[in-house]
Amino acid sequence: TKGGDTKGPEIIWEGMRGMIEKIADYKQRASAAHRVAKFVRTELGMLELSLRFLESSLHALVHEGTADLEIADTLEEIATVHYKAGDYEAAIAKLDEVVAIRAKEYNPEHSKLTDPLKLSGQVMVSAGNIEDAMRRYNDVLRRLRGLERAEYRLLVADITTRVA
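Reference entry: report on the structure contained in this document. All values reported here derive from a predicted model rather than from experimental measurement.

Scanning the protein for helices and strands turns up eight helices and zero strands. Projecting the C-alpha coordinates of the protein onto the three principal axes gives extents of approximately 50 × 40 × 25 Å. In the protein, 51% of the contacts between residues at least 6 apart in sequence involve partners at least 24 apart. Put simply, the protein shows about 9500 Å² of open surface, and 52% of that area lies on carbon and sulfur atoms. Seen as two clouds, the 24 positive and the 27 negative side-chain charges of the protein have centres 3 Å apart.

So this is what it looks like as structure tokens:
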């Protein structure tokens, strides 16, 4: 946290967690924890605290026996937080879980599959692992060959810019 303040995040965690745990329905509890996590990350910049709320959300979803696709959405958010925090290995592991779950439900070219693959390529570029990043990006391009020619060219240009 800014200025080394460690009490602020703990106060937020304890206060919000206490309110969230009072929600009887696990699915609503997961949704509330997810919304708080997003706010804490985007508005307050508290990545570690955001991760705690996301893990709480994931726990509630798993306890509820929620559909895998909802779990994948939370895992993708967790991966994003890991990436922003510089924990590239954890981000890749979560993104691989997301792809494995979603591959059972979606066509190979669906954005719910290609987006986490693109993000994992971006994470690998940030980690300096260009070779593996190119494999991920090539997988995305292979999946999207059926796109309109102009759209495909824009995607290739975007990937080239990221790797350059």
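Moving on, there is more to tell.
Within the fold, glutamate 14 resides in helix α1 (residues 7–21). Note: C-alpha distance between glutamate 14 and asparagine 129 (115 residues apart in sequence) is 38 Å.

Over its 18 residues, helix α3 (residues 47–64) extends 26 Å from the first C-alpha to the last, a length consistent with the 26 Å expected when each residue adds 1.5 Å. If you check which residues of α3 are buried, you get Leu49, Ser50, Leu51, Phe53, Leu54, Ser57, Leu58, Ala60 and Leu61. Elements in contact with the buried residues of α3: α1, α2 (26–42) and α4 (68–85).

It is worth spelling out the side chain of histidine 82 at this point. For histidine 82, the position within the fold is in helix α4. With a relative accessible area of 11%, histidine 82 lands in the buried category. If we ignore the near neighbours within four places in the chain, the residues touching histidine 82 are Leu51, Asp87, Ala90, Ala91 and Lys94.

A separate point is the pattern of salt bridges. On inspection of all chains with the given rule, the structure shows ten salt bridges. One continuous salt-bridge network, built from bridges that share partners, spans Asp73, Glu76, Arg102 and Lys112.

Let us look at α4. For α4, with 18 residues, the first-to-last C-alpha span of 25 Å sits near the 26 Å given by 1.5 Å per residue. Those residues of α4 not exposed but buried are Ile71, Ala72, Thr74, Leu75, Glu76, Glu77, Ile78, Ala79, Thr80, Val81, His82 and Tyr83. For α4, the elements touching its buried residues are α2, α3, α5 (88–102) and α6 (111–126). Glycine 86 sits one or two positions beyond α4 and adopts a positive phi of about 85°.

On to the packing of α2 against α3, then. Orientation of α2 relative to α3, taken along the N-to-C sense of each, is 165°, at an axis distance of 8 Å. The orientation of α2 with respect to α3, classified from their angle, is roughly antiparallel. Viewed along their axes, α2 and α3 form a crossing whose handedness is left-handed. On the side of α2, the interface is formed by Tyr26, Lys27, Arg29, Ala30, Ala33, His34, Val36, Ala37, Val40 and Arg41, while α3 contributes Leu47, Leu49, Ser50, Phe53, Leu54, Ser56, Ser57, Ala60, Leu61, His63 and Glu64. Considering only residue class, the contact of α2 with α3 consists of twelve nonpolar, five polar and four charged.

A word on the packing of α6 against helix α7 (residues 130–143). Viewed as axis vectors pointing N to C, α6 and α7 meet at an angle of 160°, and their least axial separation amounts to 8 Å. In terms of their interaxial angle, α6 and α7 are classed as roughly antiparallel. The handedness of the crossing between α6 and α7 is left-handed. From α6, Leu113, Thr114, Leu117, Lys118, Ser120, Gly121, Gln122, Met124 and Val125 reach across to α7, where they touch Ile130, Asp132, Ala133, Arg136, Tyr137, Asp139, Val140 and Arg143. Among the residues making up the contact of α6 with α7, the classes are represented as eight nonpolar, four polar and five charged.

Conventions adopted
Residues numbered from 1 in each chain as written. Predicted model: local features only at pLDDT ≥ 70, side-chain atom pairs only at ≥ 80, totals over all residues. Heavy atoms only, no water. Helix = DSSP H or I, 4+ residues; strand = E, 2+ residues; numbered from the N terminus. Contact = heavy atoms within 4.5 Å. Areas by Shrake-Rupley, 256 points an atom, 1.4 Å probe, with all protein chains shown as cover. Lys, Arg positive; Asp, Glu negative; His and termini not counted. Charge placed at Lys NZ, Arg CZ, Asp CG, Glu CD. Expected span 1.5 Å × (residues − 1). Buried < 20%, exposed > 50% of the residue type's maximum accessible area, 1.4 Å probe, protein only. Salt bridge = Lys/Arg side-chain N within 4 Å of Asp/Glu carboxyl O. Axes fitted to C-alpha atoms, helices over the stretch in contact; angles between N-to-C directions. Parallel < 35°, antiparallel > 145°, perpendicular 65-115°, else oblique. Left-handed = near helix turned anticlockwise from the far one by under 90°. Nonpolar A, V, L, I, M, F, W, Y, C, P; charged D, E, K, R; others polar.

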